[in-house]
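# Coordinate inspection notes
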Amino acid sequence: MLRMPVFFVKKLNPFSRMTIHGINAFRHQTFLMGIALILAFNFAAASNGPNPKANPADPEKVLRIAFPSTETGFDPVRVNDLYSNTITAAIFQPLLTYDWMAMPTRIVPDAAESMPEVSAEGKTYTFKVKKGLFFTPDEAFKGQRRELTAQDFVYTLLRHADPKNRSPQVSDFDDKILGFADSRKRAVANGKFDYDQRHPGIYAIDRYTLVIQLVQPDRNFLTLLTNPFAGGMAREVVDKYGFEGLMANPVGTGPYMLEKWVRGSKIILKANPEYPGFLWSFEAPPNNPVELRIANQMQGRKMPQIGRVEVSIIEEPQSMWLAFSGKEIDVVAVPPSFIEKALTPKNDLLQTWVAEGVNMYRSVEPDIRYQFFNMKDPVIGGYTPEKIALRRAIIMGFDVDEEIRVIRKGQAVKAQQMVSPVIAGHDPAYKSLVKFSPLSANALLDQFGYKKDAKGFRSMPDGKPLIFTIYSSTSSIDRERDELWKKSMDRLGIRLKVKKDKFPEMLKQGKQCAIPSWALGWTRSSEAEFVMKLLYSKTIGQNNYACFENAEYDAYFEQLKRLPDGPERTRVLHNMYRLMEVNGVLGLSSTAIATRLSHQRLEGYRKHPLLLGDWIYYDIQKP
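Since the model is a prediction, treat every value here as computed from it, not as a measurement.

## Description of the overall build of the protein
- Check the secondary structure of the protein and you find 18 helices and 23 strands.
- Computed over its C-alpha atoms, the radius of gyration of the protein comes to 28 Å, within 12% of the 25 Å expected for a compact globule of 623 residues.
- In terms of overall dimensions, the protein has a C-alpha envelope of 120 × 65 × 45 Å along the principal axes.
- By the burial criterion, 56% of the 623 residues in the protein qualify as buried.
- Of the contacts made within the protein by residues no fewer than 6 positions apart, 70% connect residues no fewer than 24 positions apart.
- Accessible area for the protein stands at about 28,200 Å²; split by element, carbon and sulfur atoms hold 55% of it.
- For the protein, the distance from the average site of its 83 positive side-chain charges to the average site of its 69 negative ones is 2 Å.

Shown next, in the form of structure tokens:
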């Protein structure tokens, strides 16, 4: 930490043996002291922010990692995929974050000085932004150091309300923040969003004080403010680079800045010289040997230490595994197809890796994998009994157990509900109505008029050929799933068509309700509410790729957001699961058990269930 200069002034008595000459000398001395105090004040003000040289990150400490899927860009307000958000989390600084080691998770201040002051009725949150946090240098600032202020957080939140940005978070903020939905609707009507308005729910009362007014008390609001999409953004940067240019020119106050981006291939970050250092001083959960070992190893170090992060996009599991084995990357989430090369049948690390000093970190992930079915698709969409029967038969005909056993190599837990076992709101007692049963699936199709032809393939009730289309990436694991889908549909007499495309392109088409069916994953939600919005009608065009509209589900979702923990909230969740199941909206697959290996030179490696872009907590041994 920087220490402010302290100035001592000797007390003078102007009436002690003072001549005219002495009085003039005194006046001169007083003038000089005044100048000194002004200079001291100015120096203190200039030093109020972090000294660019104070960041302990070492540019020679390079972390090399890989993503198994491509990114889409780095505007935190507009991106919604895991890997783009992993990068924006390292660049943009939210008001709040999570304690690195606390379990259960605990929210702590980040860009905020402290946790917010909350009004008695629970609807007004007042934040004090830390003084002396600066954006990374950029041409948008015209050579001036640009300090983070409360207005930057106002601007970020207003960008979510601007319909031009098509923010995936609109549904989160719409009915939480006072006036948010109204300001968005006005912008739609006027064709332009007013960023200079005095917004009733989001405003700054001085340079460092931010106020957020809620419609009503909300149990999960603060968790939203831990995300990179709530990090402070400079308006002049957005104005300079424009709608598309901003995706490649992120400028924040977080620990890293973007140095190079080759789309779909390479991302290089370097340490932000303006980011203030901190001391690694986290407390590990008791009775957890792995976490205690990490805490003992890292305690007391000045952070961040890693000065450069190099991210390669490696979509093929074999290439990913070879890169880790050859020490081309420092850490790997072991691809399921290579799990036998890492673990014993009892899931212990193989001795060959132990001998090399490789560390293992295993955890049940806060994710859910599912196959969505587009309710607006002309073949499988719709809410008539025969369309519901078709979707339910397809879901019953797919063998999730075989997927876990063969494709996931046993490194997953079969999903019984939409909420992962490690996410608040999960009920271990709930069991899904959906069972794998080709016999029942065939009987259902027969009952609703999906007749077979001479070759054993089914037609629609109107006599047209039945062709079920799924979208899929070119990765080897998706190719394996394609084969399992083909096998499953052959058992039902359903022709299967597989369309291949790139991940970013499929995301765009999915938001437009243009994909019949696709396997997706939803990860790192802090609470059941943020998972269940996947089928909320107001998130169509954002996260509701099934384009599901159901008034009963929507009503339950509104209750879910407001109910406290307890039997009534659990009952509401159960009802939402049942509506998803009986309508055949999602075919639930599994929750991953991740095995992550790291080479010995990477110190302090672990994974937080919710934090992304967490490289400030690691260290690298220099060659």
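## So, the environment of Glu 505
- Position of Glu 505 among the secondary structure elements: in helix H15 (residues 503-511).
- Look at Glu 505 and you get partly exposed, because its relative accessible area is 34%.
- As a C-alpha pair, Glu 505 and Trp 100 span 405 residues in sequence and 34 Å in three-dimensional space.

## A short note on the environment of Phe 221
- Tracing the backbone through its elements, the reader meets Phe 221 in helix H6 (residues 221-224).
- With 107 residues separating them in the primary sequence, Phe 221 and Glu 328 have C-alpha atoms 41 Å apart.

## Comments concerning the sheet that holds strand S6 (residues 202-206)
- Taken in spatial order, the four strands make up an open sheet running S4-S5-S7-S6, and their pairing is antiparallel. Each edge of the open sheet is held by one strand with a lone partner, namely strand S4 (117-118) and S6.
- With four bridges joining them, S6 and strand S7 (residues 209-213) adopt antiparallel strand pairing. Bridging across to S7, Asp 206 finds its partner in Thr 209.

## A closer look at the packing of helix H11 (residues 385-397) against helix H14 (residues 476-492)
- Orientation of H11 relative to H14, taken along the N-to-C sense of each, is 120°, at an axis distance of 9 Å. Taken together, H11 and H14 sit at an angle that is classed as oblique. Pair H11 / H14 crosses with right-handed handedness. Each of Ala 393, Ile 394 and Gly 397 in H11 lies in contact with H14, whose residues at this interface are Trp 485, Ser 488, Met 489, Arg 491 and Leu 492.
- Class assignment of the residues belonging to the contact of H11 with H14 gives a composition of five nonpolar, two polar and one charged.

## Examining the state of the cysteines
- Inspection of every chain in the model, using the stated rule, returns one disulfide.
- Here Cys 513 engages in a disulfide with Cys 547; their sulfurs sit 2.0 Å apart. Sign of the S-S torsion, about -105° for the bond between Cys 513 and Cys 547, identifies this disulfide as left-handed. A residue pair is termed long-range when its members are at least 10 positions apart, and Cys 513 in the loop between H15 and strand S19 (517-523) and Cys 547 in the loop between helix H16 (528-532) and helix H17 (551-562) qualify at 34 residues.

## Concerning the sheet that holds strand S8 (residues 256-262)
- Read across the sheet, four strands follow the order S1-S12-S9-S8 without closing on themselves; strand pairing throughout is mixed. The open sheet has two edge strands, strand S1 (58-67) and S8, and neither has a second partner. Averaged over neighbouring strand pairs, the angle between their axes works out to 20° when direction is ignored.
- Here strand S9 (residues 266-271) runs beside strand S12 (residues 306-313); their pairing, made up of five bridges, is antiparallel.

## Focus: the nonpolar core
- Phe 127, Ile 267, Leu 269 and Trp 615 are the most contacted members of the largest nonpolar core, which totals 85 residues.
- Per element, the largest residue contribution to this core is seven residues, and it comes from helix H3 (residues 150-161).
- Leave out the neighbours within four places in its chain, and Trp 615 touches Leu 63, Ile 65, Thr 86, Ile 87, Ala 90, Tyr 256, Leu 269, Ile 306 and Val 309.
- If you look at the next biggest cluster of nonpolar residues, it comprises 68 residues, including Phe 372, Ile 380, Met 506 and Trp 522.

## Re the packing of aromatic side chains
- In this structure the tally under the stated criterion is 28 aromatic pairs.
- A centroid spacing of 5.6 Å and a plane angle of 75° characterise the contact between Phe 282 and Tyr 617, whose relative ring orientation is edge-to-face. You can see Phe 282 sitting in the loop between strand S10 (278-279) and helix H8 (289-298) and its partner Tyr 617 sitting in the loop between strand S22 (602-603) and strand S23 (619-620), a full 335 residues away along the chain. We note that Phe 282, like Tyr 617, is buried.
- Linked through ring pairs, Trp 100, Phe 278, Trp 280, Phe 282, Tyr 605, Tyr 617 and Tyr 618 together constitute an aromatic cluster.
- Across from the ring centre of Phe 134, 3.9 Å away, lies the NZ or CZ of Arg 145, which sits over that ring.
- Just above the ring of Trp 100 sits the side chain of Arg 606; from NZ or CZ to the centre is 5.0 Å.

Rules and cut-offs
Residues numbered from 1 in each chain as written. Predicted model: local features only at pLDDT ≥ 70, side-chain atom pairs only at ≥ 80, totals over all residues. Heavy atoms only, no water. Helix = DSSP H or I, 4+ residues; strand = E, 2+ residues; numbered from the N terminus. Rg over C-alpha atoms; globule rule 2.2 N^0.38 Å. Buried < 20%, exposed > 50% of the residue type's maximum accessible area, 1.4 Å probe, protein only. Contact = heavy atoms within 4.5 Å. Areas by Shrake-Rupley, 256 points an atom, 1.4 Å probe, with all protein chains shown as cover. Lys, Arg positive; Asp, Glu negative; His and termini not counted. Charge placed at Lys NZ, Arg CZ, Asp CG, Glu CD. Pairing = 2+ DSSP bridges. Axes fitted to C-alpha atoms, helices over the stretch in contact; angles between N-to-C directions. Parallel < 35°, antiparallel > 145°, perpendicular 65-115°, else oblique. Left-handed = near helix turned anticlockwise from the far one by under 90°. Nonpolar A, V, L, I, M, F, W, Y, C, P; charged D, E, K, R; others polar. Disulfide = S-S within 2.5 Å. Core = buried A, V, L, I, M, F, W, Y, C linked by side-chain atoms within 4.5 Å. Phe/Tyr/Trp six-rings, centres within 6.5 Å; stacked < 30°, edge-to-face > 60°. Lys NZ or Arg CZ within 6 Å of the ring centre and 35° of its normal.

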